[in-house]
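Each chain is listed here by its residues.
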Amino acid sequence: MVPYKITICGLTELCLHGEAGITHVLTILDPDHPDPDDFRAYPPHRRTVWRYHDIVAEKDEMVAPQAADVSAILAFGAQTSGIDHLLIHCHMGISRSTATAVILMAQSNPGQEEAAFAELRRIRPRSWPNSRMIGFADRLLERNGALVAAMKGHHATVAAAEPGLADLLRQSERAGEVP
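All of these numbers come straight from a predicted model, not from anything done at the bench.

A. Seen up close, unusual backbone geometry. Here the phi dihedral of E61 falls at roughly 60 degrees; this positive angle occurs in a residue that is not glycine. A relative accessible area of 83% means that E61 is categorised as exposed.

Structure, rendered in structure tokens:
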């Protein structure tokens, strides 16, 4: 769906990808989280760091993803020359990183929103893309709800396959995302 390989992971998995031929890294961390040391062991690569919390509604003293953050993802996606293997990571490799991957795939494939989520399930079966980020992408890409609808279908598929994850999300501020 994109002209480069995508790997998605969480912080604890970064050590597994140092020899995977990563050419570019997108890091998405909480604003106060220290930078991971793992990248010192990676061969030379280009790395972009974004910092915001994995939340879907504005909260006091937390930084929610904004439309400008999704615009930055889209700007990255518009400049793909030289990317052979993109590693996208957040804390757990489940929400912000998977939303970023879907946004990049959807950007390159108008009208194939469901296929983007199917590809995400192939790459990272245990995934729950951040609905706030997907909502901003839907508007910025002018998908008229198609990207959000495909995300809801994805959430339903993953909830059925990963009931423990769905239960965990039901106990969080993300409960409204769980079918």
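B. A look at the sheet that holds strand β2 (residues 24-29). Sheet architecture is open: four strands sit in the order β1-β4-β2-β3, paired in parallel fashion. Strand pairing shows two members of the sheet lacking a second neighbour, β1 (5-9) and β3 (46-51), which therefore form its edges. Geometrically, the sheet is characterised by an average inter-axis angle of 15 degrees between neighbouring strands, direction not taken into account. As judged from the six bridges shared by β2 and β3, these two strands associate in the parallel manner. In the strand pairing of β3, I28 is matched with W50. Contacts from helix α1 (residues 67-78) reach β2, β3 and β4 (85-89), with the element oriented near 165 degrees to β3.

C. Region of interest: the environment of R126. Tracing the backbone through its elements, the reader meets R126 in the loop between α3 (113-123) and α4 (131-140). What R126 contacts, discounting residues up to four positions off in sequence, is G93, I94, E162 and L165. A distance of 3.2 Å separates the side chain of R126 from the side chain of E162, its partner in a polar contact.

D. Expanded view of the pattern of salt bridges. Applying the stated criterion across every chain, the model contains 11 salt bridges. Residue E113 is joined to R143 by a salt bridge in which the shortest nitrogen-to-oxygen separation is 2.9 Å. Of the two residues, E113 is situated in helix α3 and R143 in the loop between α4 and α5 (146-161); the sequence distance between them amounts to 30 residues. Looking at E113, the relative accessible area reads 7%, which means it is buried. Looking at R143, the relative accessible area reads 11%, which means it is buried. Here R126 makes a salt bridge to E162, at a shortest N to O gap of 3.2 Å. Of this pair, R126 sits in the loop between α3 and α4 while E162 is found in the loop between α5 and α6 (163-170), placing the two residues 36 residues apart along the sequence.

E. Spatial organisation of the side chain of T98. Tracing the sequence through the fold places T98 in helix α2 (residues 96-108). Separated by 2.5 Å, the side chain of T98 and the backbone oxygen of I94 make a polar contact. Contacts of T98, omitting those with residues within four sequence positions, involve I8, G93, L120, R124, S127, W128 and P129.

Reading the values: the criteria
- Residues numbered from 1 in each chain as written.
- Predicted model: local features only at pLDDT ≥ 70, side-chain atom pairs only at ≥ 80, totals over all residues.
- Heavy atoms only, no water.
- Buried < 20%, exposed > 50% of the residue type's maximum accessible area, 1.4 Å probe, protein only.
- Pairing = 2+ DSSP bridges.
- Helix = DSSP H or I, 4+ residues; strand = E, 2+ residues; numbered from the N terminus.
- Axes fitted to C-alpha atoms, helices over the stretch in contact; angles between N-to-C directions.
- Contact = heavy atoms within 4.5 Å.
- Polar contact = N/O pair within 3.5 Å; in protein donor to acceptor, adjacent residues only side chain to side chain.
- Salt bridge = Lys/Arg side-chain N within 4 Å of Asp/Glu carboxyl O.

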